[in-house]
Amino acid sequence: MTTARQLHKFGGSSLANPECYKRVANILREYSDQSDLIVVSAAGSTTNRLIDWLAALEKDGRIAHEILQQLRQFQVELVESLLPIEVAQPLLDLLHNEFVALSDLTGPISIVTRCDVLGHGEVWSSRLLAALLC
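Caption draft 1: Structural view of the overall build of the chain. Per the secondary structure count, the chain includes six helices and two strands. Each helix and strand of the chain, ordered N terminal to C terminal, gives the series β-α-β-α-α-α-α-α. Taking contacts inside the chain between residues at least 6 apart in sequence as the whole, the part at least 24 apart equals 75%. Roughly 7,900 Å² of accessible area belongs to the chain as shown, and the carbon and sulfur atoms make up 54% of that amount. Computed over 11 positive and 16 negative side-chain charges, the separation of the two mean positions in the chain equals 4 Å.

Caption draft 2: Structural view of helix α2 (residues 46–57). Here α2 contains 12 residues, and its C-alpha end-to-end distance of 16 Å stays within 8% of the 16 Å for a straight helix at 1.5 Å per residue. Along α2, the residues that are buried comprise Thr46, Leu50, Trp53, Leu54, Ala56 and Leu57. Buried residues of α2, seen end-on, are gathered within an arc of 165° and therefore sit on one face of the element. If you follow the buried residues of α2, they end up packed against α3 (61–82), α4 (85–103), α5 (111–118) and α6 (120–133).

Caption draft 3: The arrangement of the environment of Ser110 in detail. Its location among the elements puts Ser110 in the loop between α4 and α5. Judged by relative accessible area, Ser110 falls into the partly exposed class, the value being 36%. Spatially, the C-alpha atoms of Ser110 and Leu91 are 27 Å apart, while their sequence positions differ by 19 residues. Within polar-contact distance, the side chain of Ser110 engages the side chain of Thr113 at 3.1 Å.

Caption draft 4: Up close: the nonpolar core. Membership of the largest hydrophobic core comes to 35 residues, with the highest contact counts inside it found for Tyr21, Trp53, Val79, Leu83 and Leu128. Residue assignment for this core shows that the elements contributing at least two residues are α1 (18–31), α2, α3, α4 and α6. Top contributing element to this core by residue count: α3, with eight residues. Other than its neighbours up to four places away in sequence, Trp53 contacts Ala64, Ile67, Leu68, Leu102, Leu105 and Val117.

Caption draft 5: Quick peek at the environment of Arg5. Tracing the backbone shows Arg5 in the segment before β1 (7–10). Along the chain, Arg5 and Gln34 lie 29 residues apart, while their C-alpha atoms are 9.0 Å from each other. A distance of 3.1 Å separates a polar side-chain atom of Arg5 from the backbone oxygen of Ser35.

Caption draft 6: Structural view of the packing of α2 against α5. At a minimum axis separation of 9 Å, α2 and α5 run at an interaxial angle of 145°. Judged by the twist between their axes, the crossing of α2 over α5 is right-handed. Contacts between α2 and α5 involve Thr47, Leu50, Ile51, Trp53 and Leu54 from the first element and Arg114, Val117 and Leu118 from the second. The class makeup of the residues in the contact of α2 with α5 is six nonpolar, one polar and one charged.

Rules used throughout
Residues numbered from 1 in each chain as written. Predicted model: local features only at pLDDT ≥ 70, side-chain atom pairs only at ≥ 80, totals over all residues. Heavy atoms only, no water. Helix = DSSP H or I, 4+ residues; strand = E, 2+ residues; numbered from the N terminus. Contact = heavy atoms within 4.5 Å. Areas by Shrake-Rupley, 256 points an atom, 1.4 Å probe, with all protein chains shown as cover. Lys, Arg positive; Asp, Glu negative; His and termini not counted. Charge placed at Lys NZ, Arg CZ, Asp CG, Glu CD. Expected span 1.5 Å × (residues − 1). Buried < 20%, exposed > 50% of the residue type's maximum accessible area, 1.4 Å probe, protein only. Arc of directions from axis to C-beta. Polar contact = N/O pair within 3.5 Å; in protein donor to acceptor, adjacent residues only side chain to side chain. Core = buried A, V, L, I, M, F, W, Y, C linked by side-chain atoms within 4.5 Å. Axes fitted to C-alpha atoms, helices over the stretch in contact; angles between N-to-C directions. Left-handed = near helix turned anticlockwise from the far one by under 90°. Nonpolar A, V, L, I, M, F, W, Y, C, P; charged D, E, K, R; others polar.

Structure below.
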């Protein structure tokens with residue numbers, strides 16, 4: 001017997017701020033089933049900021065540091081504004097560790113590392129949305 005599934009895809013602008021995350025969570029609660037698939041993009045301009053950071057990393061470490069700190073603050077604020085602290089803390093710990101690892105990178109960046117870096121945005125979005133839905 002085949003189970004019908006829907007695919008729900010939410011782009012970065014659908015996850016641009018806490019209100020957008022809440023709207024997506026409400027849509028999923030109303031229109032999805034447990035067996036549905038959900039795909040999310042990086043929140044807001046996260047991917048663009050990661051691209052900017054990678055470019056700055058090879059040119060100006062100070063600018064790269066500023067970009068990474070802004071991106072970190074954006075991600076932390078999303079988590080803190082959407083989740084109670086007991087649920088948020090494990091996600092904040094993961095974010096902290098990931099941003100420490102990112103800050104340890106130096107140029108030149110290999111294509112494999114570049115792809116790994118650029119994938120962080122989708123991981124952060126999916127992790128946060130999953131926690132919000134649970």
